[in-house]
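Close look at the chain arrangement
Next come the chains, spelled out residue by residue.
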Amino acid sequence: VQLQASGGGLVQAGDSLRLSCAASGRTFSSHMMGWFRQAPGKEREFVAGISRSGATTYYADSVKGRFTISRDNAKNTVYLQMNSLKPEDTAVYYCAARGSGLLRIATTTDDYDHWGQGTQVTVSS
């Protein structure tokens with residue numbers, strides 16, 4: 001599966017953004033999806049993940065209550081709705097896909113097989 005992330009931009013603290021990640025191929029619904037982010041000089045970190053059906057989601061503590069991950073399997077797209085953005089949310093955001101099943105939402109980079117190219121999110125104070 002190939003992934004294309006979009007929707008990033010420059011916003012002010014407190015604003016909202018919605019990221020999208022469009023997947024190619026007919027196997028999107030069989031993939032667990034995740035969003036990660038990487039700030040300058042820092043390691044890539046888990047943000048949110050969603051199961052293949054969309055019934056189960058999991059969030060990093062730093063974004064819980066502010067970000068919402070969702071997916072539309074008919075459109076081969078996963079979304080990340082980001083509300084109440086903070087300057088510390090500034091990073092390049094990546095979507096990722098995992099083809100094989102897990103009983104939990106995968107939260108490490110090694111858990112995912114496919115990656116998008118990233119989209120920059122900058123939050124000014």
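These numbers were taken from a predicted model, which means no experiment stands behind them.

Below, the discussion takes up the overall build of the protein chain. Of the regular secondary structure elements, the protein chain holds zero helices and eleven strands. Counted from the first residue to the last, the protein chain has its helices and strands arranged as β-β-β-β-β-β-β-β-β-β-β. Taking 14 Å as the expected radius of gyration for a compact globule of 125 residues, we find that the protein chain reaches 13 Å, a close match to that expectation. Taken along the three principal axes of its C-alpha coordinates, the protein chain extends 40 × 25 × 25 Å. Of all 125 residues assigned to the protein chain, the portion counted as buried reaches 43%. As displayed, the protein chain offers around 6,300 Å² of accessible surface, 45% of which is attributable to carbon and sulfur atoms. Distance between charge centres in the protein chain, computed from 13 positive and 10 negative side chains, equals 6 Å.

For the coordinates displayed, the defined rule picks out one disulfide. The partner cysteine of Cys21 in its disulfide is Cys95, sulfur to sulfur 2.1 Å. One quick way to see it: the torsion about the S-S bond of Cys21 and Cys95 is about 60 degrees, and its sign makes the bridge right-handed. With Cys21 in strand β3 (residues 17-23) and Cys95 in strand β9 (residues 91-98), this residue pair connects regions lying 74 residues apart in the sequence. Pair check on accessibility: Cys21 and Cys95 agree, each one buried.

On to the pairing of strand β1 (residues 3-6). Of the two faces of β1, the one holding Leu3 and Ala5 is buried and the one holding Gln4 and Ser6 is not buried anywhere. As paired strands, β1 and β3 are joined by four bridges and run antiparallel to one another. Following the sheet pairing, Leu3 is matched in β3 by Ala23.

Here we take up the side chain of Asn76. Along the polypeptide, Asn76 turns up in the loop between β7 (67-72) and β8 (77-82). With a relative accessible area of 18%, Asn76 lands in the buried category. At 2.7 Å, the side chain of Asn76 and the backbone oxygen of Gly25 are in polar contact. Residues within four places of Asn76 in sequence aside, it is in contact with Cys21, Ala22, Ala23, Ser24, Gly25 and Phe28.

Positionally, Lys64 belongs in the loop between β6 (57-59) and β7. Judged by its relative accessible area of 47%, Lys64 falls in the partly exposed class. With 61 residues separating them in the primary sequence, Lys64 and Leu3 have C-alpha atoms 24 Å apart. For Lys64, the side chain forms a polar contact with the side chain of Asp61, separated by 3.1 Å.

Formed by 36 residues in total, the largest nonpolar core has its most connected members in Trp35, Leu80, Met82 and Tyr93. For this core, the elements supplying multiple residues, two or more each, are β1, β3, β4 (32-38), β5 (45-50), β7, β8, β9 and β11 (119-124). With five residues, β9 is the single largest residue contributor to this core. Aside from chain neighbours lying at most four places away, what touches Tyr93 is Leu19, Trp35, Phe36, Arg37, Val47, Phe67, Leu80, Met82, Gly118, Thr119 and Val121.

What counts and how
Residues numbered from 1 in each chain as written. Predicted model: local features only at pLDDT ≥ 70, side-chain atom pairs only at ≥ 80, totals over all residues. Heavy atoms only, no water. Helix = DSSP H or I, 4+ residues; strand = E, 2+ residues; numbered from the N terminus. Rg over C-alpha atoms; globule rule 2.2 N^0.38 Å. Buried < 20%, exposed > 50% of the residue type's maximum accessible area, 1.4 Å probe, protein only. Areas by Shrake-Rupley, 256 points an atom, 1.4 Å probe, with all protein chains shown as cover. Lys, Arg positive; Asp, Glu negative; His and termini not counted. Charge placed at Lys NZ, Arg CZ, Asp CG, Glu CD. Disulfide = S-S within 2.5 Å. Pairing = 2+ DSSP bridges. Polar contact = N/O pair within 3.5 Å; in protein donor to acceptor, adjacent residues only side chain to side chain. Contact = heavy atoms within 4.5 Å. Core = buried A, V, L, I, M, F, W, Y, C linked by side-chain atoms within 4.5 Å.

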